[in-house]
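# A closer look at the structure
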Amino acid sequence: MTSTAKSDRPPVQTSPPTFHTPWRTRLSVERIGTVYLWVIGVAVFSAWRPHIFPNYLTVVGVLNSVSIPGLLALAVIVPLAAGVFDLSVGYTLGLANVLTASLLADGHSVLAAIVITLAVSLIVGVVNGFVVVVMRIDSFIGTLATGSLILALILQVSGNQEITANVTKIQAFAGRNLHLITLPVFVFFAVAIVLWLVLDYSVTGRRIYATGLGREQARLAGIKTGKLQFSSFLVSAFIAGCAGCLLTGIVGAGSPTAGPPYLIPAFAAAFLGATQLKDGLFNSIGTVMATLLLGTLNVGLALATSALWAPDVFNGIVLIAALGLRVTQTSAVSLNPLARLRAARTVLRHPKPPERVDATP
Amino acid sequence: MSEPALLSVTNVSKTFSGQLALKDVHLDVHAGEVHALVGQNGCGKSTLLKILTGYHRADPGARALVRGRPHSLHELLTVVPLRAVHQDLGLILELNAIDNIGFGTGFQRSRHGGIAWRTQLRRTVSLLEQLGVNDIDPRRPLSAATQVERTMVAIARAVSTWDARRGVLILDEPTSSLPDREAGELARLIRDLAKTGVGIIYVSHALSEVTGLADRATVLREGTVVDTVPVASSSEHDLVELMLGKEKLAHLEQLEVQDNSYAHRSAAGPRSEPMLAASNIVGKELRGISFQVSGGEIVGFAGLAGSGHLELAYALGGARRVVEGAITVGDRSLDLTAGRPITSITAGIALVPPDRTREGLISTLSVAANMSLPSIMQLRGRLFVRRRQERERASQWMTDLEIVPHKPEAKIATLSGGNRQKVLFAKWVTMATHALVLAEPTVGVDVGARLQIYDFIRQYATSGVAVVICSTDITDLLAVCDRVYALYAGHVVREIPRDELSEHVVLAAISGLATPATAIGDSPSEEQT
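Predicted model only: the values in this text are computed from it and were never measured. (Residues numbered from 1 in each chain as written. Chains lettered and ligands numbered in written order. Predicted model: local features only at pLDDT ≥ 70, side-chain atom pairs only at ≥ 80, totals over all residues. Heavy atoms only, no water.)

## Some thoughts on the overall build of chain B
- For chain B, the helix and strand inventory stands at 19 helices and 20 strands.
- Sorting the 529 residues of chain B into buried and exposed places 55% on the buried side.
- Of the contacts made within chain B by residues no fewer than 6 positions apart, 64% connect residues no fewer than 24 positions apart.
- Here chain B has roughly 22,600 Å² of accessible surface; of this, 50% comes from carbon and sulfur atoms. (Helix = DSSP H or I, 4+ residues; strand = E, 2+ residues; numbered from the N terminus. Buried < 20%, exposed > 50% of the residue type's maximum accessible area, 1.4 Å probe, protein only. Contact = heavy atoms within 4.5 Å. Areas by Shrake-Rupley, 256 points an atom, 1.4 Å probe, with all protein chains shown as cover.)

## Quick word on the sheet that holds strand 8 (residues 199–203) of chain B
All names here are of chain B.
- Taken together, 6 strands build an open sheet; the order of strands is 6-7-8-3-9-10 and the sheet is mixed. Bordering the open sheet on either side are strand 6 (82–85) and strand 10 (224–230), each of which pairs with just one other strand. Adjacent strand axes in the sheet meet at a mean angle of 20 degrees, parallel and antiparallel pairs treated alike.
- Here 4 bridges tie strand 3 (residues 34–39) to strand 8, and the two strands are oriented parallel to one another. Residue pairing in the sheet places Ala36 in a bridge with Tyr202 of strand 8.
- Here helix 1 (residues 45–52) sits on the sheet in contact with strand 3, strand 6, strand 7 (168–172), strand 8 and strand 9 (216–221), set at roughly 135 degrees to strand 3. (Pairing = 2+ DSSP bridges. Axes fitted to C-alpha atoms, helices over the stretch in contact; angles between N-to-C directions.)

## Focus: the confidence of the model for chain B
Residues and elements named next belong to chain B.
- Residues of chain B with pLDDT of at least 70 account for 90%, and the chain-wide mean is 83.
- Mean pLDDT values for the elements of chain B range from 39 in helix 19 (residues 523–528) up to 93 in strand 17 (residues 435–439).
- The model gives residues 515–529 a pLDDT under 50, and that stretch makes 14 contacts with residues more than four places away or in other chains.
- Scoring the predicted complex yields pTM 0.75 and, for the interface, ipTM 0.78. (pLDDT = per-residue confidence, 0-100.)

## Examining the layout of surface pockets
- Here the second largest pocket defines a volume of roughly 700 Å³.
- Arg136, Arg215, Arg219, Thr225 and Gly226 of chain A are the residues nearest the centre of the second largest pocket, which is lined by 26 residues in total.
- Residue assignment for the lining of the second largest pocket shows that the elements contributing at least two residues are helix 5 (110–134), helix 10 (215–220) and helix 11 (225–251) of chain A together with helix 11 (341–346) of chain B.
- When residues of the lining of the second largest pocket are assigned to their parent elements, the largest contribution, 4 residues, is made by helix 11 of chain A.
- When the residues that make up the lining of the second largest pocket are grouped by side-chain class, the tally is 10 nonpolar, 6 polar and 10 charged. (1 Å grid on protein atoms, 1.4 Å probe; cavity = no way out; pocket = protein on both sides within 12 Å on 5 of 7 lines; lining within 4 Å. Points joined across faces, edges and corners; volume = space filled by probe spheres on them. Nonpolar A, V, L, I, M, F, W, Y, C, P; charged D, E, K, R; others polar.)

## Re the packing of aromatic side chains
Residue and element names in this part refer to chain A.
- What the rule picks out here adds up to 17 aromatic pairs over all chains.
- On the basis of an interplanar angle of 85 degrees and a centroid distance of 5.6 Å, the ring pair of Trp196 and Tyr201 is categorised as edge-to-face.
- Chaining the aromatic ring pairs together yields one cluster made of Phe85, Phe140, Phe267, Phe271 and Phe282. (Phe/Tyr/Trp six-rings, centres within 6.5 Å; stacked < 30°, edge-to-face > 60°.)

## Here we look at unusual backbone geometry
All names here are of chain B.
- Of note, the amide linkage connecting Val80 to Pro81 takes the cis form, showing an omega dihedral of -15 degrees.
- By secondary structure assignment, the location of Pro81 is in the loop between helix 2 (76–79) and strand 6.
- The phi angle at Asp24 is positive, at roughly 45 degrees, despite the residue not being glycine.
- With respect to the helices, strands and loops of the structure, Asp24 is situated in strand 2 (residues 19–29).
- The phi dihedral of Ala489 falls on the positive side, at around 50 degrees, and the residue is not glycine.

## Notes on the state of the cysteines
- Going through the model one piece at a time under the given rule, you end up with 0 disulfides over all chains.
- In this structure Cys470 of chain B is not part of a disulfide, and its nearest cysteine sulfur, from Cys481 of chain B, lies 9.5 Å away. (Disulfide = S-S within 2.5 Å.)

## Considerations on the side chain of Ser88 of chain A
Residues and elements named next belong to chain A.
- Relative to the helices and strands, Ser88 resides in the loop between helix 3 (56–81) and helix 4 (89–105).
- Residue classification places Ser88 among the buried positions, given a relative accessible area of 0%.
- With near-sequence residues (within four places) excluded, Ser88 lies in contact with Asn128, Thr143, Thr146, Gly147 and Ile150.

## Comments concerning the environment of Leu365 of chain B
- By secondary structure assignment, the location of Leu365 of chain B is in the loop between helix 12 (356–360) and helix 13 (367–371).
- A relative accessible area of 12% places Leu365 of chain B in the buried class.
- Apart from residues lying up to four places away in sequence, Leu365 of chain B is in contact with Leu213 of chain A together with Asn370, Ala410, Lys411 and Ile412 of chain B.

## Points about the sheet that holds strand 2 of chain B
Residues and elements named next belong to chain B.
- If you trace the 4 strands from one edge of the open sheet to the other, you get 2-1-4-5, paired in antiparallel fashion. Edge positions in the sheet fall to strand 2 and strand 5 (69–71), since each of these pairs with one other strand and no more. Taking each pair of neighbouring strands and ignoring which way they run, the sheet shows an average axis angle of 25 degrees.
- As paired elements, strand 4 (residues 63–66) and strand 5 share 3 bridges and run antiparallel to each other. Within strand 5, the residue paired with Ala64 across the bridge is His71.

Here is the structure:
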């Protein structure tokens, strides 16, 4: 290729303008609202249950409890960033859960069980990719349908029973800990960091976001959008598979009903996470922040009340609130009360007061 | 005029986060008048419209007089009454005129609570007849109607809630997607509408239209009103001067003189090897097109909608599949039949697509991110994207192309049309190492930005790249091309060298009139005006 094209460009400016995000914007409620909510939540629960809430065991409890839903939330942000839904992750998690358990029950080693499970998870990803990308079925419907197929597989593998034979080995594996913080937590943070680097800083990340936000534009820019979406299903299925293996270790059983309930909290965290930091884009750090917030509040609720329905109500409300926030962020008129207050203040500070004009003749 | 203006606004200012978008703007519209609102992209036209229609609120201090009485600016919609028809019309094309108008006015109910379709039909027909539209079947979906008919349905819907009292109608770029003949028809209907006592605010980029249609014109530049002039006593040139300011116009005209000389020189001078050569491209519309473009040459493809000129652009960019399409670029041979953009991009062909919004830019991403999308590999460090370099490069482009506001991190959605087009250029020229293919490069772009774009294309061609422009707009081709291929029904009907280029010749050729240039003197141009 010749590079003559750039020859007539003037030389680079002597002092390129600087690009800084002001601290006020960085710390704004719109950007990191979950942090403020988290602080408020911690304060409330500390005041409510001062003897049992504010201590190290709660911290450990929160971290250990968020690892699986957190991993699943990270799993869904990859397809979401690429513009497709993967609604089958809950089932994939469930399949991985019963599959590891049943492989262990059949006498396989922990390593073999995990490797086989992850391979099967990848096959699930391939099927999703095939249905959505190759057959061009809407991802929302397509992955719902594959989810149903996976459920059938779960029932077949488990015989609709809990599998608990021979699980002690994997329990020991997933139970390894550092100051009581178990392995799944570290896996969760590791995956989060990898996704953060890939989505925010790498060329692939740029291409994923471009595909999600404007598929035709991305295609014309030479991006292989189909391949990216296909790969995003592989990633989500793989992460869900990992989470399933770890879940077997945490629970000490393969249960046919374990996986699906994780789906809603995962999407709640992913959508809430998208309202954080990156102005509506699905992103890893935001998802981690959202997951920790939800986890803290759930653990707090569990310690404070014995109401069984509380966590579910809570997850539903968060999902709606997160989606509502997303709508606000993308609309021109801000519905955010604080933004409105600021606007009102600007008007009030204006030297010229608005003139009152009488409309009646 | 002795009668007070139908609507008169004064002291309209608008500040967006510290930046003044409008400063003490005033505008008055009389009943029965077509009042043009002109200005370059980003001059504040759309902000003013958004304030009038209540989308934005003006800064305190703005006043409005409606028929001589003071009113607050945000009640214009009901008091005047004021209505706006936007560029994209906002119609549901799958539904018919009755439905579309019904959504504006509400449906007449029958005794049993259902919709009284017969009454509704009669109403629709009489409404359209009042506007001078007689030959549209209100029961057919609008997708089957012509663009003029659709525009009139949109206008009918806008004015349908007006009773005897006539108000102000804002038409925002109503002709941007219309061929010349239909634009003329629409202009006639708009004049008729004004005669009934409606005040019309007419926003358009096509100055020739404004001079033919409007009574007065208010010219905006950089957020202020330069002047309001009677159109009858001012020429197109006067308006352009008002829009751009004297100095800038003089500067641009000078550029044009220089560059024309360049065009002549390169047209007369010795040719290098063809940089881009195609033999027999066959597609949906294309019926076997062969051509050659040398490095540094600017070649145009003229054609009416459906003639295949856009398909050619897409084919060259690898954006659409074609049946046959073997081309050579530099010393490489390519096959375009697969329709893979990456094939063309790696060969050094960049396509600037015609639809900025859907094909060109991602409006929710920043200027910098959009610019680097195809060229991202050039910015890759060992593992990650070099973001500082990306921003500096974007910043450099924004300086070169005078893209405002100068913020690489601003989202595309916040930019005006002309600025978006410039971003789109910057995005693609980095990849055009061999050939730059431009499709409809100046759609919805105002005079100032248009001249800048022409200037930029010429400059770019001097670097030795083959430039192909596929455009319905003959002005584009006359301004920059060294040679023009006229397409008609998928065939090249004529190859026109620079010294024979004129509007008549091109128009005749693309309309399928195979007669030589001298013989057609008046026929096509008469149709057009």
